[in-house]
Amino acid sequence: MKIVAPAGNMERFYAAVKAGAQEIYMGLKGFGARRNAENFTLEEYKEAIDYAHKRGVKIFLTLNTIMMEKEMEFLYPNLKVLYEHGLDAVIVQDLGYFKYMKENFPNMEYHGSTQMTVGNHYEAEYLRKLGFTRVVLPREMTFEEIKKIRENTSIELEIFVSGALCICYSGNCYMSSFIGSRSGNRGMCAQPCRKKYENSSGEKGYLLSPKDQLLGFEEIKKLKDIGIESIKIEGRMKDPNYVFETVSYYRDLIDGIKAQEKSSELFNRGYSKGYFYGNDNYIMNKDY
């Protein structure tokens, strides 16, 4: 089982490699679901690919938003450079853009983003037949749902194990669009779920703000036992120390070491197991 780590800039990239990540997902400036991250220039991206490949680490480009036609045309020359430089895979949400890339870069690997909301094995198999090699499943799935997909498809599966949970649903959230005309599906979410609200009973607080997900030793063992290829850490906008500590923690868990997590000392909304066990009564943090 591999660790897919986030890198929002070069410092976070080096932290992820040093901590033992075998796969890293990174964005180009102006594209992807984390546009507010610092992200990488084309030259920085090429430098990162070279550095990673010398150490046996793969690089995945995040193009995990809905794309406009002018963006496809603008991105093409940059993608061509990265393709020729040895980019390992592209994480994509937009099926039209996938078709466009598949026709122009047929030997590239393509991963279905969690933004695609692939929640069953029929969809997973459909992507495999289209030419995807991997799919990133939604954070909102239980272990039993993940297991059923694993039993019924041969496509590689990537599972989120730590990081922010959305009160809405990955790839189908329009809350930010409605409130402030900033679309989460275009990489510009204003995170209105993290704001303070008041309900009809007069209760005030962060009523729509979930705790972060943090799966532990038992959950990683379960995922490893059913043959999950990669586990994913969220955090392209988090501190390099957070990236290093979180990757190190999961490196130990995969190796069978019951390590103590230190990520909560660096960034902490409170932690839960998310939807992993199907019990979501404890995922909310109304205090901050």
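About the thresholds
Residues numbered from 1 in each chain as written. Predicted model: local features only at pLDDT ≥ 70, side-chain atom pairs only at ≥ 80, totals over all residues. Heavy atoms only, no water. Helix = DSSP H or I, 4+ residues; strand = E, 2+ residues; numbered from the N terminus. Rg over C-alpha atoms; globule rule 2.2 N^0.38 Å. Contact = heavy atoms within 4.5 Å. Salt bridge = Lys/Arg side-chain N within 4 Å of Asp/Glu carboxyl O. Buried < 20%, exposed > 50% of the residue type's maximum accessible area, 1.4 Å probe, protein only. Phe/Tyr/Trp six-rings, centres within 6.5 Å; stacked < 30°, edge-to-face > 60°. Lys NZ or Arg CZ within 6 Å of the ring centre and 35° of its normal. Lys, Arg positive; Asp, Glu negative; His and termini not counted. Pairing = 2+ DSSP bridges. Right-handed = clockwise from strand over helix to strand, strands pointing away. Arc of directions from axis to C-beta. Polar contact = N/O pair within 3.5 Å; in protein donor to acceptor, adjacent residues only side chain to side chain.

1. Considering the overall build of the protein
The number of helices and strands found in the protein is nine helices and twelve strands. Taking 288 residues into account, the globule formula puts the C-alpha radius of gyration at 19 Å, and the protein, at 18 Å, falls close to it. Taking the principal axes of its C-alpha atoms as reference, the protein extends roughly 55 × 45 × 40 Å. Partitioning the contacts of the protein with sequence separation of at least 6, the portion at a separation of at least 24 is 66%.

2. Quick word on the pattern of salt bridges
Pairs can form between side chains of opposite charge whenever their charged atoms are close. Counted by the stated rule, this structure contains 15 salt bridges. As a salt-bridge pair, Arg134 and Glu23 come within 3.0 Å of each other at their nearest N and O atoms. Within this pair, whereas Arg134 is found in strand S6 (residues 134–136), its partner Glu23 is found in strand S2 (residues 23–26), the two being separated by 111 residues in sequence. Where Glu156 meets Arg134, a salt bridge forms, and the shortest distance between an N and an O atom there is 2.9 Å. Here Glu156 is found in strand S7 (residues 156–163), whereas its partner Arg134 is found in strand S6, with 22 residues between them in sequence. Here Glu156 falls in the partly exposed class, since its relative accessible area comes to 28%. When its relative accessible area of 4% is taken as the criterion, Arg134 is described as buried. Within this structure, Glu23, Arg134, Glu156, Glu158 and Lys232 form a network of salt bridges that share partners.

3. Details of the packing of aromatic side chains
Inspection of every chain in the model, using the stated rule, returns 14 aromatic pairs. Between the aromatic rings of Tyr76 and Tyr100, the centroid separation amounts to 6.4 Å while the plane-to-plane angle is 75°, which identifies the pairing as edge-to-face. Of this pair, Tyr76 sits in helix H3 (residues 69–85) while Tyr100 is found in helix H4 (residues 95–104), placing the two residues 24 residues apart along the sequence. Using a relative accessible area of 24% as the deciding quantity, one classes Tyr100 as partly exposed. Considering the side-chain rings of Tyr83 and Phe105, the 4.9 Å spacing of their centres and the 50° angle between planes classify their relative orientation as tilted. Taken together, the residues Tyr83 in helix H3 and Phe105 in the loop between H4 and strand S5 (109–112) connect sequence positions 22 residues apart. Connected via pairs of aromatic rings, a cluster forms that spans Tyr76, Tyr83, Tyr97, Tyr100 and Phe105. A cation sits over an aromatic face here: Arg139 above Phe160, 3.7 Å from the ring centre. Note that Lys222 overlies the ring of Phe143, its terminal NZ or CZ placed 5.3 Å from the centroid.

4. Digging into the side chain of Ser209
In this structure, Ser209 sits in the loop between strand S9 (204–205) and strand S10 (212–214). Residue class for Ser209 comes out buried when judged on its relative accessible area of 2%.

5. Section: the side chain of Asp88
In this fold, Asp88 is placed in the loop between H3 and strand S4 (89–92). Buried charge without a partner: Asp88 forms no salt bridge, and the closest opposite charge is Lys58, 5.6 Å away. Every residue in contact with Asp88, bar those within four places of it in the chain, is listed here: His53, Val57, Lys58, Ile59, Phe60, Met108 and Glu109.

6. Topic: the pairing of S4
Side chains of S4 alternate between two faces, with Ala89 and Ile91 and Val90 and Val92 buried alike. For strand S3 (residues 58–63) and S4, the ladder comprises four bridges, and the chain directions are parallel. Paired with Thr62 across the strands is Ile91, a residue of S4. What joins S3 to S4 is H3, and the crossover it makes is right-handed. Where S4 and S5 come together, four bridges link them in parallel fashion. Residue Ile91 lies in a different strand from S5, and its bridge partner there is His111. In this fold, the crossover linking S4 to S5 by way of H4 has right-handed handedness.

7. Notes on helix H5 (residues 121–130)
Within H5, burial applies to His121, Ala124, Glu125 and Leu127. Down the axis, H5 shows its buried residues gathered within 160° of arc, on one side only. In H5, the exposed positions that point more than 90 degrees away from the buried face belong to Tyr122 and Lys129. In this structure, the buried side of H5 is in contact with H4, S5, S6 and helix H6 (143–152). The N-terminus of H5 is capped by Asn120, whose side-chain oxygen sits 3.1 Å from the backbone nitrogen of Tyr122.

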